[in-house]
Amino acid sequence: MEALRRPALPEDAVRYRLLAAAAAGPGGEALLRRCAELALVRFAPLLAACVWQRQPLRLRYGPGRGEIPAHLGGTTVFGDNVEDEWFIVYVLREITREFPGLAARIDDNDGEFLLIEAADFLPKWLNPETSENREC
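Everything quoted here is computed from the prediction, not taken from an experiment.

**Things to note about the confidence of the model for the protein**
Here is step 1: In this model, the protein carries an average pLDDT of 84, and 90% of its residues clear a pLDDT of 70 or more.
Here is step 2: Averaged over each element, pLDDT in the protein is lowest for helix α1 (residues 2-5) (47) and highest for helix α4 (residues 82-98) (93).

Now the structure itself:
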């Protein structure tokens, strides 16, 4: 059912969102826009040094709609260079380190690929029946 609500991504694209619990209240849009501005200024040297295959990382304000809260996000087409996708993961990780009130979500045409990658490192005993409310 969730796939019906989200537009399909091309095979060579990644979608990302930065969410903040504090953005749910009054002034949420201004807070998110200010975070985007500060993050882009803070990481400008890193982003400017990158030679992007097709499109650069772009953070834009996205208003809340339905189950998706207000957020900063974007979609980047990385073409044949999957390294751009992993660089975006790195930048989002660094942004959430710099701004602890933000949480990142990233997916591509395979879904939440970080969860897919992490699956190889989970304990063998962990499965959906034994993993509710667990932190490993």
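**Topic: the sheet that holds strand β3 (residues 71-77)**
Here is step 1: The strand order across the open sheet built from 4 strands is β2-β3-β1-β4, with neighbouring strands paired in antiparallel fashion. Two strands bound the open sheet, and with one partner strand each, they are β2 (60-62) and β4 (102-108). Neighbour-to-neighbour, the strand axes of this sheet turn through a mean angle of 30 degrees, independent of strand direction.
Here is step 2: Alignment of strand β1 (residues 13-20) against β4, held across 7 bridges, turns out to be antiparallel. Paired with alanine 20 across the two strands is leucine 102, which belongs to β4.
Here is step 3: Helix α2 (residues 28-42) rests against β1, β2, β3 and β4 of the sheet, and its axis sits at about 45 degrees to β3.
Here is step 4: Across the sheet, α4 is in contact with β1, β3 and β4; its angle to β4 comes to roughly 170 degrees.

**Details of a nonpolar patch on the surface**
Here is step 1: Side chains of Val82, Trp86 and Leu114 sit close together on the surface and give an oily, nonpolar patch of about 230 Å² of accessible area.
Here is step 2: Taking relative accessible area as the criterion, valine 82 reaches 39% and is therefore assigned partly exposed.

**Considering the pairing of β3**
Here is step 1: Within β3, 6 of the 7 residues are buried, which leaves the element mostly enclosed by the surrounding structure.
Here is step 2: Judged from the 6 bridges that link them, β1 and β3 form a sheet pairing that is antiparallel. When the sheet's bridge partners are listed, leucine 18 is paired in β3 with leucine 72.
Here is step 3: In the sheet, β2 pairs with β3 via 3 bridges, with the strands oriented antiparallel. In the sheet register, tyrosine 61 faces β3, and the bridge partner there is leucine 72.

Definitions and cut-offs
- Residues numbered from 1 in each chain as written.
- Predicted model: local features only at pLDDT ≥ 70, side-chain atom pairs only at ≥ 80, totals over all residues.
- Heavy atoms only, no water.
- pLDDT = per-residue confidence, 0-100.
- Helix = DSSP H or I, 4+ residues; strand = E, 2+ residues; numbered from the N terminus.
- Pairing = 2+ DSSP bridges.
- Axes fitted to C-alpha atoms, helices over the stretch in contact; angles between N-to-C directions.
- Contact = heavy atoms within 4.5 Å.
- Patch = residues over 30% accessible without salt bridge, like charges linked within 9 Å, V, L, I, M, F, W, Y side chains within 5 Å.
- Areas by Shrake-Rupley, 256 points an atom, 1.4 Å probe, with all protein chains shown as cover.
- Salt bridge = Lys/Arg side-chain N within 4 Å of Asp/Glu carboxyl O.
- Buried < 20%, exposed > 50% of the residue type's maximum accessible area, 1.4 Å probe, protein only.

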